[in-house]
Amino acid sequence: MSDRSAIKRVFGTALATLLSCALLLPAAQATEVPYYIEYTGHGFDVERPTGNPFDLAPPNLVDADAKGSFGAKSAVIMSNFVLQFQDAPVPPCEHAAQAYYLIGYANAVTSFKDGSQLYARGEWSDNGWMCIDVNTGEFFGESYGKIVGGTGRFEGASGTYTSPFSGKQLIFPFVGTEHFPFGTEYPLFAITGSFYGTVEFD
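Heads up: these notes are all about the structure in this document.

## Some points on the overall build of the protein chain
Check the secondary structure of the protein chain and you find one helix and nine strands. Put simply, the protein chain runs from its N terminus to its C terminus through helices and strands in the order α-β-β-β-β-β-β-β-β-β. For the protein chain, with 202 residues in total, the buried portion stands at 35%. Taking all contacts inside the protein chain whose residues are at least 6 apart in sequence as the whole, residues at least 24 apart take part in 63%. Only carbon and sulfur atoms are counted for the fraction: they give 59% of the accessible area of the protein chain, which is about 12200 Å².

Set out below in structure tokens:
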């Protein structure tokens, strides 16, 4: 037998052995990892408000610094809130001066120090909500949804999130003593919040 034939025979035997062992191993299982991320930032409407409370509120964009699990660095959130007309306070709103909103959608991208990104989406059926005090501009709420993939470490990831948040609208009459006389004022708001839940890696 030539040396080349012997090498082929040895290699073939080793490969067959590895394949046989692989068939005996359990199939790879997804790994669920709990996470907690905090964010602090600001937000604004991306369209001019109509001034009519019966119109659909314009979507708003949040730009925030983040810290927490996986080396979180920043978060960007685009969402829409739909006013619910009620005759009495709706739990968890605390009194009649707090208007009650449901979250129509909430799309979020969280970026991490290594360049990876995590995508999340909350939808109407997830029942996210917000209460805002019409006298002070202070608000609080909670968003719910799913992890829908990402890049880097989070490519193909899935999972769930809960996101409590609170803040304050910075617009007259919530701040200042004089109404802007030359058109519609664009709201700016301060916000803090968190994301927590589980990320599932394939």
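There's more to say after this.
## Focus on the state of the cysteines
As enumerated under the stated definition, the model contains one disulfide in all. The disulfide partner of cysteine 93 is cysteine 131, and the S-S distance across this bridge is 1.9 Å. Between cysteine 93 and cysteine 131, the S-S dihedral sits near -95 degrees, and the bridge is therefore left-handed. Here cysteine 131 lies in strand β6 (residues 129–133) and cysteine 93 lies in the loop between β3 (72–84) and β4 (98–112), a separation of 38 residues in the sequence. You can call cysteine 93 buried: its relative accessible area is 7%.

Cut-offs used in this document
Along every chain, residues carry numbers that run from 1 in the direction the sequence is written. Local features in a predicted model are, by the rule used here, given only for residues with pLDDT of at least 70; side-chain atom pairs are given and counted only at 80 or more, and totals for whole chains, interfaces and linings are based on all residues. Hydrogens and water are ignored here; the side-chain numbers use all heavy atoms of the structure. By the criteria applied, helices consist of DSSP H or I runs no shorter than four residues and strands consist of E runs no shorter than two, each listed in order from the N terminus. Here's how the labels work: a residue is buried when its accessible area is under 20% of the maximum for its type, exposed when over 50%, partly exposed in between, all with a 1.4 Å probe on protein chains only. The contact criterion used throughout is that any non-hydrogen atoms of two residues lie within 4.5 Å. Areas reported as accessible are Shrake-Rupley estimates using a 1.4 Å probe. Residue values count occlusion only from the protein chains shown. Any two cysteine sulfur atoms within 2.5 Å of one another count as a disulfide.

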